[in-house]
Amino acid sequence: MSGGTLAVLAVTVAAAAFVQGVSGLGFALIVAPVAGLLDPGLLPVFVLTAMIPLNLYVAWRERHSLDLRGARWITAARLAATPAGLVLLWAIPEGDLGAVVGAATVLAAIVSTVMPSFTPGPGAYVGAGVVTGLTETATGVGGPPLALVYQHRPAGELRATVAVCFLVGEVASLCLLFGAGRGRPADMGWAVLLLPALAGGAWLSRLVHQRVEARRMRAFVLVFALVSGVVLMAGS
């Protein structure tokens, strides 16, 4: 990986960590399209690995707002769907992975924009867990279904619960990917190398996460996702 590519990834990771630290979502929506444009082989291991320390931090910071009931439903469904996500990854040629990530990103952003307000129940939790298990294991992008479930809940509850669900799911997906021979240790190495950038973005989010209006940040994430997803599809 060239120095320029690494610099672009570092800036992207820092910005994405800040956005997710403030709003509770957005890391994969921001990082996955950029990583897909730079090197499709980075997906999904690089994104999954980079998110683990970030979600550990956010889950601990927001632990008092955790929706434990919802997290249990989502995690159970997400773990059950993880093997199907691996099958989906096998079915997608590596050259087409960027286009698939771009299409999934655009679709998720559109659905997030038009979804009406509702109170989540077991059906919504299970549905979000299943879709997240499929898409995050295959592409690294799994936040939108969880964001849809919690988008009308208090910001702290969204951040804490999404972080916990992500954390468990990311570890499970990585174990399955490497166990099936679909993971590259070098991609985890790049994520470790970029830990200072991730930590910087997460630290900045701590300073402002109670003051930044989550609705505006969410709008930024959705616009970025739409644009980057379209560019990724066009580039593929």
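Engineer: Please provide a residue-by-residue account of the pattern of salt bridges, values included.
Structural biologist: Throughout the structure, instances matching the rule amount to 5 salt bridges. As a salt-bridge pair, Glu-62 and Arg-61 come within 3.1 Å of each other at their nearest N and O atoms. For the residue pair Glu-62 and Arg-61, the accessibility class agrees, reading buried in each case. When the shortest N-O distance is used, the salt bridge between Arg-159 and Glu-62 registers 2.9 Å. Within this pair, whereas Arg-159 is found in helix H8 (residues 155-179), its partner Glu-62 is found in the loop between helix H3 (45-61) and helix H4 (68-91), the two being separated by 97 residues in sequence. Its relative accessible area of 3% is what places Arg-159 among the buried residues.

Engineer: If you had to explain helix H10 (residues 195-208) to someone new, which residues and values would you point to?
Structural biologist: When the terminal C-alpha atoms of H10 are compared, their 20 Å separation across 14 residues agrees well with the 20 Å that a helix rising 1.5 Å per residue should span. Restricting attention to buried positions, one finds in H10 the residues Ala-197, Leu-198, Gly-201, Ala-202 and Ser-205. Each buried residue of H10 lies within a common arc of 130° when the element is viewed along its axis, so the set occupies one face. The secondary structure elements touched by the buried residues of H10 are helix H1 (3-23), helix H2 (27-38) and H3.

Engineer: Quick rundown of the state of the cysteines? Include the residues and the values.
Structural biologist: Scanning all chains against the criterion turns up 0 disulfides. Free of any disulfide, Cys-165 has its nearest cysteine sulfur in Cys-175, 17 Å distant. Judged by its relative accessible area of 54%, Cys-175 is exposed.

Engineer: Requested: an account of the packing of H2 against H3, with residues and values cited.
Structural biologist: Interhelical geometry of H2 versus H3 gives an angle of 150° and a closest axis separation of 10 Å. The angle between H2 and H3 falls in the class roughly antiparallel. The crossing of H2 and H3 is right-handed. Taken together, the residues of H3 that come into contact with H2 (itself represented by Phe-27, Ala-28, Val-31 and Ala-32) are Phe-46, Val-47, Ala-50, Met-51 and Leu-54. Here the residues of the contact of H2 with H3 sort into 9 nonpolar, no polar and no charged.

Engineer: Break down the side chain of Ser-205 for me, citing the residues and quoting the values.
Structural biologist: Structurally, Ser-205 is set in helix H10. Sequence-distant contacts of Ser-205, that is, excluding residues within four places in its chain, are made with Ala-17, Phe-18, Gly-21, Val-22, Tyr-57 and Arg-61.

Engineer: A description of the environment of Pro-44 should follow, citing residues and the corresponding values.
Structural biologist: By the element assignment, Pro-44 lies in the loop between H2 and H3. According to the relative accessible area criterion, Pro-44 is buried, its value standing at 1%. Along the backbone, Pro-44 and Leu-97 are 53 residues apart, and their C-alpha atoms lie at a distance of 9.7 Å. Beyond its immediate sequence surroundings of up to four residues, Pro-44 is in contact with Leu-89, Glu-136, Thr-137, Ala-138, Thr-139, Gly-140 and Leu-177.

Engineer: Could you give an account of empty space enclosed by the protein, with specific residues and numbers?
Structural biologist: Applying the stated criterion across every chain yields a total of 1 cavity of 30 Å³ or more. Here the largest cavity is characterised by a volume of approximately 50 Å³. Together, Gln-20, Leu-25, Gly-26, Phe-27, Ala-28, Leu-29, Met-51, Gly-143, Pro-144 and Phe-166 line the largest cavity. Per element, the largest residue contribution to the lining of the largest cavity is 3 residues, and it comes from H2. Classifying every residue of the lining of the largest cavity by side-chain character gives 7 nonpolar, 3 polar and no charged.

Engineer: I'd like to hear about the side chain of Asp-67, residue by residue, with values.
Structural biologist: Mapped onto the fold, Asp-67 is located in the loop between H3 and H4. One buried charged residue, Asp-67, forms no salt bridge at all, with the nearest opposite charge on Arg-69 at 5.9 Å. Side-chain polar atoms of Asp-67 contact the backbone nitrogen of Gly-70, separated by 3.3 Å. Setting aside its immediate chain neighbours within four residues, Asp-67 contacts Tyr-125, Tyr-150, Glu-157 and Thr-161.

Engineer: Kindly report on the nonpolar core, identifying the contributing residues and their values.
Structural biologist: Counting residues in each nonpolar core, the largest one holds 53 residues, and the members touching the most others are Val-13, Phe-27, Phe-46 and Val-47. Looking at which element gives the most residues to this core, the answer is H3, with 10 residues. Apart from the residues within four sequence positions on either side, Phe-46 is in contact with Leu-9, Val-13, Val-31, Asp-187, Trp-190, Ala-191 and Leu-194.

Conventions adopted
- Residues numbered from 1 in each chain as written.
- Predicted model: local features only at pLDDT ≥ 70, side-chain atom pairs only at ≥ 80, totals over all residues.
- Heavy atoms only, no water.
- Salt bridge = Lys/Arg side-chain N within 4 Å of Asp/Glu carboxyl O.
- Buried < 20%, exposed > 50% of the residue type's maximum accessible area, 1.4 Å probe, protein only.
- Helix = DSSP H or I, 4+ residues; strand = E, 2+ residues; numbered from the N terminus.
- Expected span 1.5 Å × (residues − 1).
- Arc of directions from axis to C-beta.
- Contact = heavy atoms within 4.5 Å.
- Disulfide = S-S within 2.5 Å.
- Axes fitted to C-alpha atoms, helices over the stretch in contact; angles between N-to-C directions.
- Parallel < 35°, antiparallel > 145°, perpendicular 65-115°, else oblique.
- Left-handed = near helix turned anticlockwise from the far one by under 90°.
- Nonpolar A, V, L, I, M, F, W, Y, C, P; charged D, E, K, R; others polar.
- 1 Å grid on protein atoms, 1.4 Å probe; cavity = no way out; pocket = protein on both sides within 12 Å on 5 of 7 lines; lining within 4 Å.
- Points joined across faces, edges and corners; volume = space filled by probe spheres on them.
- Lys, Arg positive; Asp, Glu negative; His and termini not counted.
- Polar contact = N/O pair within 3.5 Å; in protein donor to acceptor, adjacent residues only side chain to side chain.
- Core = buried A, V, L, I, M, F, W, Y, C linked by side-chain atoms within 4.5 Å.

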